[in-house]
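# Chain and residue survey
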Amino acid sequence: MPPALEEFSLATSNEVRKAILISSNATCSLDIIPTFLLKSCLDSLILPITNIINLALYEGTFPDSYKNATVRPLLKKHNLPHDDLSSYRPISNLNFLSKVLERIILSRINIHLKTFPSLCRFQPAYRKFHSTETALLRIYNDLLLASNRKEVSALVLLDLSAAFDTIDHQILLTRLSTFLGFLVLHSL
């Protein structure tokens with residue numbers, strides 16, 4: 001049985017301050033005050049912001065007001081037809097404090113996931129300094145090394161670009177609980 005992640009530890013003011021300061025100055029139309037102004041008044045606002053973050057962590061809920069987003073379409077590629085809706089992908093802009101809370105939660109999840117030696121250290125998604133580019137470079141390097149050793153290599157590729165659209169969410173939640181120790185409070 002994996003170690004359980006039943007609750008998130010509370011954030012310190014310094015942790016929240018760091019999460020705010022390393023964030024971009026981008027402002028969403030849902031923000032009450034512009035991000036640059038919030039950052040310039042951070043000494044006065046850090047305690048209430050930390051309290052809001054910690055209340056969400058303590059209750060284990062993501063505030064409803066942080067779930068709102070402004071969504072705009074973005075053309076996937078410039079050569080796609082502009083009149084076809086499938087040529088676009090939605091871009092969601094969240095308010096700034098929502099992103100700060102997400103960053104704090106991500107740090108808690110990453111700490112928890114690092115306790116699992118069975119997770120591949122080359123897993124590129126959602127890891128700092130890892131991306132699809134680093135994954136491709138790793139594969140390319142492995143193939144070159146095998147070629148230099150005169151070994152035969154086979155590469156099997158699988159396109160999972162829309163795989164999440166076909167996932168049974170109940171199975172996903174069960175596996176998150178069973179294999180990674182996430183406490184699942186309610187199903188979708």
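Here, every reference points to the structure presented above.
Reference entry: report on the structure contained in this document.

About the criteria used
Starting from 1, residues in each chain are numbered consecutively following that chain's sequence as written. Reporting of local features is limited, given that this is a predicted model, to residues whose pLDDT is at least 70; pairs of side-chain atoms are given and counted only at 80 or more, and all residues count toward the totals for whole chains, interfaces and linings. To get the side-chain values, take all heavy atoms of the structure and skip hydrogens and water. Two aromatic rings, drawn from Phe, Tyr or Trp (for Trp, its six-membered ring), form a pair once their centres lie within 6.5 Å of each other, and the interplanar angle then sorts them: stacked below 30 degrees, edge-to-face above 60, tilted otherwise. Note on classification: 1.4 Å probe, protein chains only; a residue is buried when its accessible area is under 20% of the maximum for its type, exposed when over 50%, partly exposed between these limits. For salt bridges, the criterion is a side-chain nitrogen of Lys or Arg within 4 Å of an Asp or Glu carboxyl oxygen. Numbering goes from the N terminus for both helices and strands, where a helix is a DSSP run of H or I of at least four residues and a strand is a run of E of at least two. In protein, a polar contact means a hydrogen-donor-capable atom and an acceptor-capable atom, both N or O and within 3.5 Å, with residues adjacent in sequence counting only if both atoms are side-chain atoms; elsewhere, any N or O pair within 3.5 Å suffices. A contact between two residues is defined here by any heavy atoms of the two lying within 4.5 Å. Throughout, a disulfide means two cysteine sulfur atoms within 2.5 Å of one another. Here the expected span of a helix is defined as 1.5 Å times the quantity of residues minus one. One axis is fitted to the seven residues ending at the residue and one to the seven starting there. The bend at that residue is the angle between these axes. Here, nonpolar core refers to any group of buried Ala, Val, Leu, Ile, Met, Phe, Trp, Tyr and Cys residues whose side-chain atoms link them within 4.5 Å.

On to the packing of aromatic side chains, then. If you walk through the whole model with that rule in mind, you get 1 aromatic pair. With 6.2 Å between their ring centres and 75° between their planes, F62 and Y66 make a pair best called edge-to-face. A relative accessible area of 9% places Y66 in the buried class.

Scanning the model with the defined rule gives 5 salt bridges in all. One salt bridge connects R138 with D142, and the closest N-O pair in it is separated by 2.9 Å. Of the two residues, R138 and D142 both sit in helix α5 (residues 132-148), 4 residues apart, roughly one turn of that helix. You can call R138 partly exposed: its relative accessible area is 35%. We note a salt bridge from R149 to E151, for which the minimum N-O separation is 3.2 Å. With relative accessibility at 41%, the residue E151 sits in the partly exposed group.

So, about the side chain of S23. With respect to the secondary-structure elements, S23 resides in the loop between α1 (13-21) and α2 (35-40). Exposure remark for S23: the relative accessible area of 10% places this residue in the buried category. Within the local environment of S23, its side chain forms a polar contact with the backbone oxygen of A19, the two atoms lying 2.6 Å apart. Once residues within four sequence positions are removed from consideration, S23 is found in contact with K39, F96 and R103.

Looking now at the state of the cysteines. Here, disulfide denotes a covalent bond that connects the sulfur atoms of two cysteines. A complete count under the given rule lists 0 disulfides for this structure. As a non-bridged cysteine, C28 has C41 as the owner of its nearest cysteine sulfur, 19 Å distant. A relative accessible area of 33% means that C41 is categorised as partly exposed.

Taking 1.5 Å per residue, 18 residues should reach 26 Å; helix α3 (residues 42-59) reaches 24 Å between its end C-alpha atoms and fits that length. A maximum bend of about 25° is found in α3 at P48. Burial in α3 covers these residues: L42, I46, I49, T50, I53, N54, A56 and L57. On its buried side, α3 packs onto α1, α2 and α4 (96-113).

Ranked by size, the top nonpolar core spans 18 residues in total, and within it V16, I20, I49 and I53 carry the most contacts. When residues of this core are traced back to their parent elements, those giving at least two are α1, α3 and α4. Setting aside chain neighbours within four positions, we find I53 in contact with A11, V16, L97, V100, L101 and I104.

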